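Spelled out, the chains give:
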Amino acid sequence: MKKCLIIEDEPLALSLLESYVRQVDGLTLVKSYTNAVEAFTFLQSKAVDLLFLDIELPQISGLDLLKSLKNRPPVIMTTAYRDYAVDAYDLDVVDYLLKPVTFERFLRSISKVYQGSQSASVEMAANPLTHDFDRAYIFLREDREMVKVYLKDILYIESLRDYVRVKTHDRQIITYQKISYLEQKLPENKFIRVHRSFMVAIEKVTAFTPLSVQIGEKTLPLGRNYKQQALKAFHSENVML
């Protein structure tokens with residue numbers, strides 16, 4: 001059970017966040033404050049697992065409060081202004097929510113907290129993947145569900161900054177994950193990085209040039225830093241042009 005603290009001076013926004021926390025299993029609200037100074041005093045003697053922090057607060061700002069904390073819990077910033085995003089991420093916040101916050105967007109933030117190192121958004125099958133590729137699968141977290149995806153069905157994976165889009169023949173799954181993590185976990189004889197933003201299933205490649213990779217009707221860029229390794233993999237698999 002993650003203990004949550006909310007610091008928010010707008011009554012409606014505070015009430016909304018409190019209701020969201022109460023709706024999520026695994027979260028418990030320990031305290032709410034409308035004043036950063038009072039919250040600072042509380043945090044000197046009490047530990048919390050997650051802090052929802054508004055930026056524009058009376059007396060001191062949420063950013064200044066965060067800078068003053070020696071032991072910072074995971075923080076989700078809440079604000080009506082986009083201008084503070086860079087400063088917030090410089091302080092390693094988990095997420096930056098713009099008001100009004102929808103429940104769906106709230107859940108995406110909570111998903112980031114639970115995933116922490118990000119490995120929780122992807123679960124590999126217990127079976128060794130290289131022994132029986134046709135039966136190997138992963139579970140990808142999409143919203144509140146873990147979706148089963150067979151590796152043989154994956155066409156390509158696209159990086160969306162802190163998320164990835166996993167594309168199969170009949171669907172796409174967007175999950176909170178770094179493409180570099182999947183690159184390490186997926187069998188290297190079946191998947192290859194072709195660009196900083198793309199990884200492809202080698203057997204699904206239908207054509208390639210020195211600049212691009214074709215998977216069916218989809219054309220993906222072939223990055224300079226990945227070209228040599230990718231072309232070697234395609235030739236070794238006898239990809240037909």
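Residues numbered from 1 in each chain as written. Predicted model: local features only at pLDDT ≥ 70, side-chain atom pairs only at ≥ 80, totals over all residues. Heavy atoms only, no water.

Novice: Give a detailed account of the UniProt feature "modified residue: 4-aspartylphosphate" (unreviewed entry) in the protein chain, specifying residues and quantitative values.
Specialist: In this structure's numbering, the residues bearing the UniProt feature "modified residue: 4-aspartylphosphate" (unreviewed entry) are Asp 54. Relative accessible area serves as the criterion here: at 2%, Asp 54 is assigned to the buried category. Those residues in contact with Asp 54 that lie beyond four places of it in its chain are Ile 7, Glu 8, Asp 9, Gly 62, Met 77, Thr 78, Thr 79 and Lys 99. (UniProt positions renumbered as here; feature names shortened; annotations may be inferred. Buried < 20%, exposed > 50% of the residue type's maximum accessible area, 1.4 Å probe, protein only. Contact = heavy atoms within 4.5 Å.)

Novice: Would you mind going over the nonpolar core in detail, with residue names and values included?
Specialist: Counting residues in each nonpolar core, the largest one holds 23 residues, and the members touching the most others are Leu 5, Ile 7, Leu 53, Leu 66, Val 75 and Met 77. Every element with two or more residues in this core is listed here: strand S1 (2–7), helix H2 (36–45), strand S3 (50–54), helix H3 (62–68), strand S4 (75–79) and helix H4 (85–90). Among the elements that take part in this core, H2 stands out by supplying four residues, more than any other. Residues within four places of Leu 53 in sequence aside, it is in contact with Ile 7, Gly 62, Leu 65, Leu 66, Val 75, Ile 76, Met 77 and Thr 78. (Core = buried A, V, L, I, M, F, W, Y, C linked by side-chain atoms within 4.5 Å. Helix = DSSP H or I, 4+ residues; strand = E, 2+ residues; numbered from the N terminus.)

Novice: An account of the environment of Asp 170 is requested, with residue identities and associated values reported.
Specialist: Relative to the helices and strands, Asp 170 resides in the loop between strand S10 (163–168) and strand S11 (172–176). Given a relative accessible area of 71%, Asp 170 falls into the exposed group. Distance in space between the C-alpha atoms of Asp 170 and Asp 153 is 9.0 Å, their sequence separation being 17 residues. Only 3.1 Å separates the side chain of Asp 170 from the side chain of Thr 168, close enough to count as a polar contact. (Polar contact = N/O pair within 3.5 Å; in protein donor to acceptor, adjacent residues only side chain to side chain.)

Novice: Give a detailed account of the packing of aromatic side chains, specifying residues and quantitative values.
Specialist: For the structure on display, the rule yields 11 aromatic pairs. Between Tyr 20 and Phe 103 the ring centres are 5.1 Å apart and the planes differ by 50°, which places this aromatic pair in the tilted class. One end of the pair, Tyr 20, is in helix H1 (residues 11–23); the other, Phe 103, is in helix H5 (residues 103–115), and 83 residues separate them in sequence. Of the residues examined, Tyr 20 reaches a relative accessible area of 9% and is grouped as buried. Ring geometry for Phe 52 versus Phe 106: centroids 5.5 Å apart, planes at 20°, classification stacked. Taken together, the positions of Phe 52 in strand S3 and Phe 106 in helix H5 put the pair 54 residues apart, joining distant regions of the chain. You can call Phe 52 buried: its relative accessible area is 0%. The exposure class assigned to Phe 106 is buried, which follows from its relative accessible area of 0%. Site record: aromatic cluster; members linked through ring pairs are Tyr 20, Phe 52, Phe 103 and Phe 106. One Lys or Arg, Lys 148, reaches over the ring of Tyr 137 and ends 4.3 Å from the middle of that ring. (Phe/Tyr/Trp six-rings, centres within 6.5 Å; stacked < 30°, edge-to-face > 60°. Lys NZ or Arg CZ within 6 Å of the ring centre and 35° of its normal.)

Novice: If you had to explain the pattern of salt bridges to someone new, which residues and values would you point to?
Specialist: Here the structure, examined in full by the defined rule, presents nine salt bridges. A salt bridge links Asp 54 to Lys 99, with the nearest nitrogen and oxygen atoms 3.4 Å apart. Of this pair, Asp 54 sits in strand S3 while Lys 99 sits in the loop between strand S5 (95–98) and H5, placing them 45 residues apart in sequence. The two residues Asp 54 and Lys 99 agree in class, both being buried. Between Arg 105 and Asp 95 there is a salt bridge whose closest N-O contact spans 2.8 Å. Here the residue Arg 105 occupies a position in helix H5, and Asp 95 occupies one in strand S5, the gap between them amounting to 10 residues. Note on Asp 95: relative accessible area 0%, which makes it buried. When salt bridges that share partners are traced, they join Glu 8, Glu 10, Asp 54 and Lys 99 into one network. (Salt bridge = Lys/Arg side-chain N within 4 Å of Asp/Glu carboxyl O.)

Novice: So what about the layout of surface pockets? Which residues, and what values?
Specialist: The volume enclosed by the largest pocket comes to roughly 270 Å³. Forming the boundary of the largest pocket are Tyr 89, Val 94, Asp 95, Tyr 96, Arg 105, Arg 108, Lys 112, Leu 160, Arg 161, Asp 162, Tyr 163 and Tyr 176. Within the residue set of the lining of the largest pocket, elements represented by two or more residues are S5 and H5. Here the lining of the largest pocket gets three residues from one element, more than from any other, and that element is H5. Looking at the lining of the largest pocket residue by residue, the classes come out as six nonpolar, no polar and six charged. (1 Å grid on protein atoms, 1.4 Å probe; cavity = no way out; pocket = protein on both sides within 12 Å on 5 of 7 lines; lining within 4 Å. Points joined across faces, edges and corners; volume = space filled by probe spheres on them. Nonpolar A, V, L, I, M, F, W, Y, C, P; charged D, E, K, R; others polar.)

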